[in-house]
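What follows is each chain in one-letter form.
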Amino acid sequence: MRSLPRGISFRSRLLRSGFLILAIAVIAGTTVGAIRFWPREPLAQQIPSSTAVFDRNGRLLRLTLARDEQYRLWTPLEDVSPEFVDALLLHEDRHFYRHLGVNPAALVRAAFSTYAGGPRVGGSTITMQLARLMYGINTRSIGGKFTQMLRAAQLELLYSKHDLLEAHINLMPYGGNVQGVGTASLVYFDKPAAKLGLAESLTLVLIPQSPARRDPDADEPVALRAARERLYVRWREAHPQSDSTDPYVSMPLRYRRLSELPFMAPHFVNAALARQSITGSRRIDTTLDIPLQRLTERVVAGYVREQLDIGIRNASALLVDSRDMAVRAMVGSADFHSAAIQGQVNGTLAKRSPGSALKPFIYALAIDQGLIHPLTVLKDAPAAFGPFSPENFDGRFVGPITATEALTRSRNIPAVALSSQLAQPNLYQFLRSAGVSRMASEKHYGLALALGGGEVTMEEAAMLYAALANRGQLAALRYFQDEPQSPGPRLLSEEASFMTLDMLRTTPRPDDPFTRKQDRLPVAWKTGTSWGFRDAWTAGVFGPYVLIVWVGNFDGGGNPAFVGVQAAAPLFFRLTDGITSGDRSLAEPIFRQPPRLERVEVCSASGDLPNADCPQIASTWYIPGVSPIRVSQIHRRVWIDTRTGEQACPPYDPATVRSEVFEYWPTDLLQLFTQAGMPRRRPPAPADCQRDVPGGTPPHITSPVTAATYTVRAARVGKESIPLAANADSEVRRLHWFVDDSYIGTGAPGVAIGWNPQGSGRFIVRAVDDRGRADSSRLEVVLVR
């Protein structure tokens with residue numbers, strides 16, 4: 001067999017070897033690349049992190065523990081001072097970007113120095129240190145050291161240098177359970193790692209070498225300062241062109257102790273953390289304002305201390321900026337750390353009965369639905385709404401009262417009467433559309449909803465009052481700086497919102513009922529007291545803020561002192577005064593006047609357009625085409641025959657006839673005037689020539705209620721009676737009652753007569769006064785066994 005020339009054989013073998021090496025390199029490179037870029041969990045997700053919560057100005061509120069009970073705030077490499085990174089590489093691993101996880105020369109040098117009796121020096125690279133910290137490797141034995149090197153090589157294969165360095169700076173130990181430069185910077189220097197000075201950066205590079213000996217939780221150790229000075233010399237040698245100098249390098253630094261780590265606004269921070277639990281954010285920038293929070297906490301705690309003798313032991317307060325719906329202050333209880341008052345419960349999130357605090361929204365809806373304007377005269381008189389017969393808080397009735405007075409004096413009867421007339425939406429539908437949660441069915445509440453029969457949280461109340469401040473536009477509360485403003489549905493018109501706040505601003509302060517300082521911001525406010533004296537509320541709007549205050553017990557226990565105007569209002573005004581005096585620049589947000597809003601003169605006694613005989617005129621807001629405006633019928637001129645004292649018939653003889661103006665009030669209100677010691681003169685009876693002349697106010701049936709259903713036992717048909725009653729003009733002396741076409745009887749206005757139904761069915765009840773004016777009401781009678 002013929003052999004190849006020797007030179008050709010050598011070249012062939014060399015070529016084949018080159019191809020083999022190239023193939024091995026390609027396979028190795030492909031393998032390493034596949035390993036490097038194969039999908040894997042990032043290091044940032046493998047290492048548990050704390051959460052840092054900041055106020056609106058970047059002040060730390062709280063640093064939480066990570067799930068492994070360490071203070072470790074994961075900080076991206078880009079958010080760390082470059083001087084710290086440079087000093088770390090200079091001190092720990094100058095060849096970090098050139099080795100593959102292990103530096104053999106450094107290991108040999110460290111071993112020789114250690115075993116030859118020289119000073120102990122470290123030979124571990126940053127990657128090796130990371131492996132030890134991540135996997136908890138004991139590196140004091142040769143086997144442990146070998147495992148550390150294998151793990152370091154594995155990390156280098158799997159992750160980039162950037163990720164490895166980032167993970168290392170977040171695991172560096174700083175004594176106790178403090179890990180990571182981001183955490184240490186916040187704990188010891190109260191600043192983010194990006195704002196570290198040179199002296200601070202050098203210090204935080206050195207502490208992890210010996211956390212126990214160099215722990216700065218007390219005064220700065222002398223050894224730490226000396227080591228910093230030595231490292232500074234090396235840093236200057238490595239950066240000869242740098243202008244960075246720091247006079248504090250050779251001076252003792254001031255550190256904050258770990259025990260001094262802030263724990264501020266605990267209820268708010270807990271609520272913010274709960275809202276952010278889904279996203280898992282490590283840094284939370286909130287809307288809270290620390291000065292406002294501290295003021296609110298101080299005022300609430302001081303007020304509760306002063307009121308202990310009357311049983312007030314707890315209170316909550318919520319302050320919201322209506323301009324962007326940001327929560328500025330939240331105090332969930334008077335003392336977060338008090339177990340006696342269940343202080344860790346957040347009262348701003350609890351469902352409580354608001355009492356009368358929702359009445360402004362009844363009046364706003366009534367304005368929008370054309371039922372009232374601010375000076376409409378309502379009746380504060382005994383009334384029944386089916387089985388519901390509400391009473392006023394003081395147990396009295398004041399008779400005719402303007403809508404503004406009825407709201408500011410928190411009269412129950414007018415509020416319930418208006419609520420009964422609301423439709424599309426009624427109060428229940430309004431609250432549902434406003435996002436009030438966990439409401440029962442509408443039938444469950446009935447008209448009692450107007451007096452606090454439902455429950456709301458302080459957050460929900462703040463949103464409702466902020467809607468008034470924002471001209472009827474609902475919006476959600478904001479806890480976070482990056483949280484977008486999310487406008488909700490329009491609940492009320494601009495005009496109704498404006499008028500309602502204008503009405504509420506006339507409420508006199510409890511501490512200053514007769515005078516009002518001119519330098520105070522106007523405050524539109526309303527109180528509420530729940531049934532059984534369990535909750536006292538005050539809610540209101542001043543300047544750009546909405547403030548909600550609650551006083552009560554978390555266990556629901558009642559206390560006669562828990563009255564809104566007596567228990568909550570003083571605290572409310574202490575807070576408003578403190579906030580306004582602390583910021584003299586506060587002003588109300590500028591809004592244009594609602595486009596449909598106009599002013600009109602009305603008769604003060606009736607709230608209607610003044611007729612020629614109205615003695616006193618006032619001015620009020622109204623919405624053209626919506627607000628109820630008619631000519632007043634209260635004051636009427638009557639011609640009286642001086643010989644008989646009765647009303648005269650035309651033509652009028654000036655020699656025997658004189659004229660007087662009388663007030664024509666319904667009979668129920670006349671009775672209230674009499675009970676109050678203010679009887680009204682009743683006009684003389686009409687003459688025979690006037691009895692068939694229509695005019696004046698027709699009667700108003702008060703019983704039976706329109707569309708009511710009455711149940712009668714079959715065994716008592718003809719024996720059980722249904723009361724028939726109506727109010728009428730003051731000139732009316734008799735009312736005639738009819739059911740369908742059957743005459744039932746005659747009675748006096750305001751006095752009930754009985755009707756005994758003889759069977760079931762639907763009926764129409766009519767009341768006709770002695771001038772032929774009538775009113776009717778439908779009812780149904782159902783027989784039961």
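(A) Looking closely at the sheet that holds strand 14 (residues 545-552). In space, the 5 strands of this open sheet follow the order 7-6-14-13-12, with antiparallel pairing throughout. The outermost strands of the open sheet, each flanked by one partner alone, are strand 7 (326-331) and strand 12 (523-529). Strand-to-strand twist in this sheet, taken as the mean axis angle between neighbours without regard to direction, amounts to 10°. Sheet topology places strand 6 (residues 315-321) next to strand 14; 7 bridges connect them, and they run antiparallel. Opposite Leu-319, over in strand 14, you have Leu-547 as the bridge partner. Its contacts with the sheet put helix 18 (residues 458-469) on strand 6, strand 7, strand 12, strand 13 (535-542) and strand 14, and the angle it makes with strand 14 is roughly 145°.

(B) Looking closely at helix 12 (residues 290-306). Here helix 12 contains 17 residues, and its C-alpha end-to-end distance of 24 Å stays within 8% of the 24 Å for a straight helix at 1.5 Å per residue. Every buried residue belonging to helix 12 is among Ile-290, Leu-292, Gln-293, Leu-295, Thr-296, Val-299, Val-300, Gly-302, Tyr-303 and Val-304, and all of these are buried. Measuring from the backbone nitrogen of Leu-292 back to the side-chain oxygen at the start of helix 12 gives 3.1 Å, which picks out Asp-289 as the cap.

(C) Highlighting empty space enclosed by the protein. Summed over the entire model, instances satisfying the criterion amount to 1 cavity of 30 Å³ or more. The volume enclosed by the largest cavity comes to roughly 50 Å³. Every residue along the wall of the largest cavity is listed here: Arg-509, Arg-520, Leu-521, Val-523, Phe-542, Thr-576, Asp-577 and Thr-580. Tallying contributions element by element places helix 20 (residues 564-582) first for the lining of the largest cavity, with 3 residues.

(D) Spotlight on the sheet that holds strand 26 (residues 774-784). Strand order in the open sheet formed by 5 strands is 20-26-25-22-23, and the pairing between neighbours is mixed. Strands with a single pairing partner mark the edges of an open sheet, and in this sheet they are strand 20 (708-713) and strand 23 (742-747). Each neighbouring strand pair of the sheet contributes to a mean axis angle of 30°, computed without reference to strand direction. Pairing of strand 22 (residues 735-739) with strand 25 (residues 761-769) involves 5 bridges; the strand directions are antiparallel. Each bridged residue has a counterpart across the sheet, and for Phe-738 the counterpart in strand 25 is Arg-766.

Reading the values: the criteria
- Residues numbered from 1 in each chain as written.
- Predicted model: local features only at pLDDT ≥ 70, side-chain atom pairs only at ≥ 80, totals over all residues.
- Heavy atoms only, no water.
- Pairing = 2+ DSSP bridges.
- Helix = DSSP H or I, 4+ residues; strand = E, 2+ residues; numbered from the N terminus.
- Axes fitted to C-alpha atoms, helices over the stretch in contact; angles between N-to-C directions.
- Contact = heavy atoms within 4.5 Å.
- Expected span 1.5 Å × (residues − 1).
- Buried < 20%, exposed > 50% of the residue type's maximum accessible area, 1.4 Å probe, protein only.
- Polar contact = N/O pair within 3.5 Å; in protein donor to acceptor, adjacent residues only side chain to side chain.
- 1 Å grid on protein atoms, 1.4 Å probe; cavity = no way out; pocket = protein on both sides within 12 Å on 5 of 7 lines; lining within 4 Å.
- Points joined across faces, edges and corners; volume = space filled by probe spheres on them.

Function cannot be inferred from these measures alone, as they are strictly geometric.
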